[in-house]
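The lines below spell out each chain.
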Amino acid sequence: MSAPAEPTRAEVCVVACAEAWRGDGEILASPIGLVPTIGARLARATFSPDLLLTDGEAALGVGTWPVGGSPAQTEGALPFRQIFELIWSGRRHVMMGPGQIDRYGNINISAIGDFHRPKVALLGVRGAPGNTVSHPCSYWVPRHSRRTFVEQVDLVCGIGYDRAAAAGTSASRFHQLRRVVSDLGVFDFTGPDHRMRLVSTHPGVTVEQVHEATGFELWTGGEVPQTRLPTAQELTLIRTVIDPAGHRDAEVRR
């Protein structure tokens, strides 16, 4: 069966994630999750050719390879200990998946509910504190809802703009939350006092739908455009090179 002519919602989300790494230059892109991984490989294959990408283990891959596969060639080793040098030097941009996120970009990836008796246990705090104070971070949310976009996170793992400012320059100097992408739209933190702003809505999504699915007031600052569509080249890369099996459509079902 031939691929549909029009881009799917998943493909729009892939391109929106890829845009997070535009202009980053020669730094390590660390996408966590399927759609961000496709997006990072797409960015490197098109408008951000200097990005460094790993094979998922301890080597830097060359070229563009499919999800679930391995690069045909590597260009260097990247053992775990060297990841910390990249983090501390700011030469990394990670895209994580928060369980909860608030209007200032504080995220929770550890536990939902009371920390001592959580309703849901997630990954744990992991590297989120160090990531958010050391280098650019972006976020991917495949199911936009009031359960994820919350007034206040149950446990702060990665810090947002309000907490970075309150902690002083030691936390705020390199703090940069670049972009949030969900299955409904794209967001950044350029609203008043670094509050979350609705940058664009995906095709078929209204501003009202995004507000209804968000547990706090979003800043818009005027008319909200549509998220840019993939180019013909980007669609070809997504469909025939990076994700020929179509795994992306299982993650984004709207």
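It should be noted that the structure appears before, not after, this text.
Here the structure is a predicted model, which is why all the values come from computation and not from measurement.

Asker: Where do I start with a nonpolar patch on the surface in this structure?
Answerer: Together, Phe80, Phe84 and Trp88 make up a nonpolar patch on the protein surface, roughly 410 Å² of accessible area in all. Along the chain, Trp88 falls in helix 3 (residues 80-89).

Asker: Can you help me understand the packing of aromatic side chains in this one?
Answerer: Any two aromatic rings considered together are summarised by their centre-to-centre distance and by the angle between their planes. Evaluation of the coordinates by the stated rule reveals five aromatic pairs. Seen from their ring centres, Phe80 and Phe84 are 5.1 Å apart, and the 85° between their planes marks the pair as edge-to-face. Taken together, the residues span about one helical turn, with Phe80 and Phe84 both in helix 3 at a distance of four residues. Residue Phe80 is classed as exposed on the basis of its relative accessible area of 62%.

Asker: When you look at the sheet that holds strand 9 (residues 137-141) in this model, what are you seeing that I'm missing?
Answerer: The strands making up a sheet are joined through hydrogen bonds of the backbone, oriented either antiparallel or parallel. Reading across from one edge, 1-4-9-10-11-12 is the order of the six strands in this open sheet, with mixed pairing throughout. Each having just a single partner strand, strand 1 (28-31) and strand 12 (197-201) make up the two edges of the open sheet. Adjacent strand axes in the sheet meet at a mean angle of 15°, parallel and antiparallel pairs treated alike. When strand 4 (residues 92-96) meets strand 9, the two strands line up parallel, connected through three bridges. Following the sheet pairing, Met96 is matched in strand 9 by Tyr139. Of the strands in this sheet, strand 4, strand 9, strand 10 (177-182) and strand 11 (185-188) touch helix 1 (residues 9-18), which is tilted by about 175° from strand 10.

Asker: Help me understand the nonpolar core, please; the structure alone is not making it clear to me.
Answerer: For soluble globular proteins, the rule of thumb is that nonpolar side chains tend to be buried together. Formed by 28 residues in total, the largest nonpolar core has its most connected members in Trp21, Val35, Leu42 and Trp140. Mapped by element, the contributors of at least two residues to this core are helix 1, helix 2 (34-45) and helix 8 (232-242). The element that contributes the greatest number of residues to this core is helix 1, accounting for seven residues. In terms of nonpolar packing, the next biggest core, distinct from the first, is built from 25 residues, Cys157, Tyr161, Met196 and Val210 among them.

Asker: Is there a simple way to think about the pattern of salt bridges in this case?
Answerer: When charged atoms on two side chains of opposite charge get close, those side chains can pair. As enumerated under the stated definition, the model contains nine salt bridges in all. When the shortest N-O distance is used, the salt bridge between Arg239 and Glu11 registers 2.8 Å. Residue Arg239 is located in helix 8, and its partner Glu11 is located in helix 1; the two are separated by 228 residues in the primary sequence. The burial state of Arg239 is the same as that of Glu11; both residues are buried. Here Glu19 makes a salt bridge to Arg22, at a shortest N to O gap of 2.7 Å.

Asker: What am I meant to see in the packing of helix 1 against helix 2 here?
Answerer: Each pair of packed helices gets described by two things: the angle between the helix axes and the distance between those axes. Between helix 1 and helix 2, the least distance of the axes is 7 Å, while the angle of their chain directions is 60°. Taken together, the axes of helix 1 and helix 2 are oblique relative to one another. As for how helix 1 packs across helix 2, the hand of that crossing is right-handed. Seen from helix 1, the contacting residues are Cys13, Val14, Val15, Cys17 and Ala18; seen from helix 2, they are Val35, Pro36, Ile38, Gly39, Leu42 and Ala43.

Asker: Help me understand the environment of Gly56 in this model?
Answerer: In this fold, Gly56 is placed in the loop between helix 2 and strand 2 (59-62). Taking the relative accessible area as the measure of exposure, Gly56 reaches 64% and is therefore exposed. For the pair formed by Gly56 and Gly68, sequence separation is 12 residues and the distance between their alpha carbons is 9.9 Å.

Asker: Please clarify how unusual backbone geometry should be interpreted in this entry.
Answerer: Peptide bonds are trans in most cases, and residues, glycine excluded, mostly fall at negative phi. Phi angles above zero are rare outside glycine, and Asp193 is one such case at about 60°. Locating Asp193 in the fold gives a position in the loop between strand 11 and strand 12. Overall, the relative accessible area of 61% leaves Asp193 in the exposed class. If you check the backbone angles, His194 has positive phi at about 65° while not being a glycine. Considering the arrangement of structural elements, one finds His194 in the loop between strand 11 and strand 12.

Definitions and cut-offs
- Think of each chain on its own: its residues are numbered from 1, step by step along the sequence as written.
- Side-chain atom pairs in this predicted model are given and counted only at pLDDT of 80 or more, local residue features only at pLDDT of at least 70, and totals for whole chains, interfaces and linings cover all residues.
- To obtain the side-chain values, all non-hydrogen atoms of the structure were included, while hydrogens and water were left out.
- For patch detection, residues must exceed 30% relative accessible area and be free of salt bridges, and they are connected within 9 Å for like charges or within 5 Å for nonpolar side chains (Val, Leu, Ile, Met, Phe, Trp, Tyr).
- The protein chains shown are the only cover counted for residues, whose accessible areas, like all others here, come from Shrake-Rupley with a 1.4 Å probe.
- Put simply, a salt bridge is a Lys or Arg side-chain nitrogen that is within 4 Å of an Asp or Glu carboxyl oxygen.
- Each helix is a run of DSSP H or I of at least 4 residues and each strand a run of E of at least 2, with the numbering of both proceeding from the N terminus.
- Side-chain rings of Phe, Tyr and Trp (the six-membered ring for Trp) are treated as a pair once their centres are within 6.5 Å; stacked means planes under 30 degrees apart, edge-to-face means over 60, and tilted covers the remaining angles.
- Buried residues are those whose accessible area, probed at 1.4 Å on protein chains only, stays under 20% of the maximum for their type, while exposed residues exceed 50% and partly exposed ones sit between those limits.
- A pair of strands counts as paired when DSSP detects no fewer than two bridges linking them.
- Axes here refer to lines fitted to C-alpha atoms; in helices the fit is confined to the stretch in contact. Angles between the N-to-C directions go from 0 to 180 degrees.
- Any two residues whose heavy atoms approach within 4.5 Å are treated as being in contact.
- The definition of a nonpolar core used throughout is a set of buried Ala, Val, Leu, Ile, Met, Phe, Trp, Tyr and Cys residues joined through side-chain atoms within 4.5 Å.
- Should an angle fall under 35 degrees it is called roughly parallel, over 145 degrees roughly antiparallel, and 65 to 115 degrees roughly perpendicular, with every other angle called oblique.
- The hand of a helix crossing depends on one turn: near helix anticlockwise from the far one by less than a right angle means left-handed, and clockwise means right-handed.

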